[in-house]
Amino acid sequence: MTTQKKTAARRPDDKPFDFNLDAVKNEIDLTPFVFQHSGRRWTMQHLQGINVMPLLKAAQGGDAAAMVGAFRLALGDAQWPDFEKAGLPQWKLQPLFEAYQEHCGMGPGESEASPSS
C-alpha cells in the first residue's frame, strides 16, 4: 500500500496572495433609499454598501429576520430606534423591502450574496 502525501503548492515570493480584495472597486451607484413612513422621511444606506457579516447572521433566522436585519443595518444606529418605535404593520414589510431591493438593483427574492445574471 502506498500513500501519497499531498503537499501544498508553494506560492512564489513575488505573489503573496491569490486575490487582492483591497483592489476591488465599487462599480454601482450607492445612492441611499429614501421613503416616508409615519409622517417622517427615512433614509436607508444602499443594500450593496452594508457590511455583509451582520446581514448574513440575520439571514440565518429566515426571510423576515433577514429583512429586519437589512432595515436595522441600512437605517443605522441613528434612525433604527425611532423606526422601531414607529412600528411597521406586517402587510407593509414586504412592499417596503421590495421597493428597497428594486432601488438597489435587485429583484425580489434575490439576496445580496446572489451573483448577478
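Conventions adopted
Residues numbered from 1 in each chain as written. Predicted model: local features only at pLDDT ≥ 70, side-chain atom pairs only at ≥ 80, totals over all residues. Heavy atoms only, no water. Phe/Tyr/Trp six-rings, centres within 6.5 Å; stacked < 30°, edge-to-face > 60°. Buried < 20%, exposed > 50% of the residue type's maximum accessible area, 1.4 Å probe, protein only. Helix = DSSP H or I, 4+ residues; strand = E, 2+ residues; numbered from the N terminus. Lys NZ or Arg CZ within 6 Å of the ring centre and 35° of its normal. Pairing = 2+ DSSP bridges. 1 Å grid on protein atoms, 1.4 Å probe; cavity = no way out; pocket = protein on both sides within 12 Å on 5 of 7 lines; lining within 4 Å. Points joined across faces, edges and corners; volume = space filled by probe spheres on them. pLDDT = per-residue confidence, 0-100. Contact = heavy atoms within 4.5 Å. Core = buried A, V, L, I, M, F, W, Y, C linked by side-chain atoms within 4.5 Å.

### A word on the packing of aromatic side chains
No. 1: The full count for this structure, using the stated rule, is nine aromatic pairs.
No. 2: Between Phe-71 and Phe-83, the aromatic rings sit 6.4 Å apart at their centres with planes inclined by 70°, giving edge-to-face as the arrangement.
No. 3: Residue Phe-71 is classed as buried on the basis of its relative accessible area, which comes to 2%.
No. 4: The class for Phe-83 is buried, based on a relative accessible area of 5%.
No. 5: With a centroid separation of 5.8 Å and 75° between ring planes, the pair formed by Phe-71 and Phe-97 is classed as edge-to-face. Separated by 26 residues along the polypeptide, Phe-71 in helix 2 (residues 63–86) and Phe-97 in helix 3 (residues 90–103) bring together distant segments of the chain. Here Phe-71 matches Phe-97 in class, with each residue buried.
No. 6: Put simply, the rings of Phe-33, Phe-35, Trp-42, Phe-71, Trp-80, Phe-83, Phe-97 and Tyr-100 pair up and form one aromatic cluster.
No. 7: Above the face of the Trp-42 ring, Arg-40 is positioned so that its terminal group lies 4.0 Å from the ring centre.

### Some words on the pairing of strand 1 (residues 33–37)
No. 1: Across the two faces of strand 1 the burial differs, with Phe-33, Phe-35 and His-37 buried and Val-34 and Gln-36 not buried at all.
No. 2: The pairing of strand 1 with strand 2 (residues 40–44) spans five bridges and is antiparallel. Residue pairing across strands places His-37 opposite Arg-40, the latter belonging to strand 2.
No. 3: With antiparallel pairing between neighbouring strands as the criterion, strand 1 and strand 2 make up a hairpin whose turn holds two residues, including Ser-38 at a positive phi of roughly 55°.

### Quick look at the layout of surface pockets
No. 1: As a volume, the second largest pocket reaches approximately 240 Å³.
No. 2: Lining of the second largest pocket is provided by Leu-21, Val-24, Lys-25, Asn-26, Glu-27, Ile-28, Leu-30, Gln-48 and Gly-49.

### Points about the environment of Ala-86
No. 1: Here Ala-86 shows up in helix 2.
No. 2: Ala-86 sits 47 residues away from Gly-39 along the chain, and the two C-alpha atoms are 9.9 Å apart.

### A look at the confidence of the model for the protein
Any residue range with low pLDDT should be treated as having predicted coordinates unsuitable for detailed reading.
No. 1: Scored by pLDDT, the protein comes out at a mean of 86, with 84% of its residues at no less than 70.
No. 2: Under a pLDDT of 50 for its full length, residues 112–117 has, in the predicted model, seven contacts with residues more than four places off or in other chains.

### Observations concerning the environment of Leu-96
No. 1: Tracing the backbone shows Leu-96 in helix 3.
No. 2: The buried category is assigned to Leu-96, whose relative accessible area is 12%.
No. 3: Along the chain, Leu-96 and Met-67 lie 29 residues apart, while their C-alpha atoms are 9.7 Å from each other.

### Digging into the nonpolar core
No. 1: Counting 20 residues, the largest nonpolar core has Phe-35, Met-44, Leu-47, Phe-71, Phe-83 and Tyr-100 as the members making the most contacts within it.
No. 2: For this core, the elements supplying multiple residues, two or more each, are strand 1, strand 2, helix 2 and helix 3.
No. 3: A total of seven residues in this core trace back to one element, the largest contributor, which is helix 2.
No. 4: Beyond its immediate chain neighbours, meaning those up to four positions away, Phe-35 contacts Arg-40, Arg-41, Trp-42, Met-44, Phe-83 and Leu-96.

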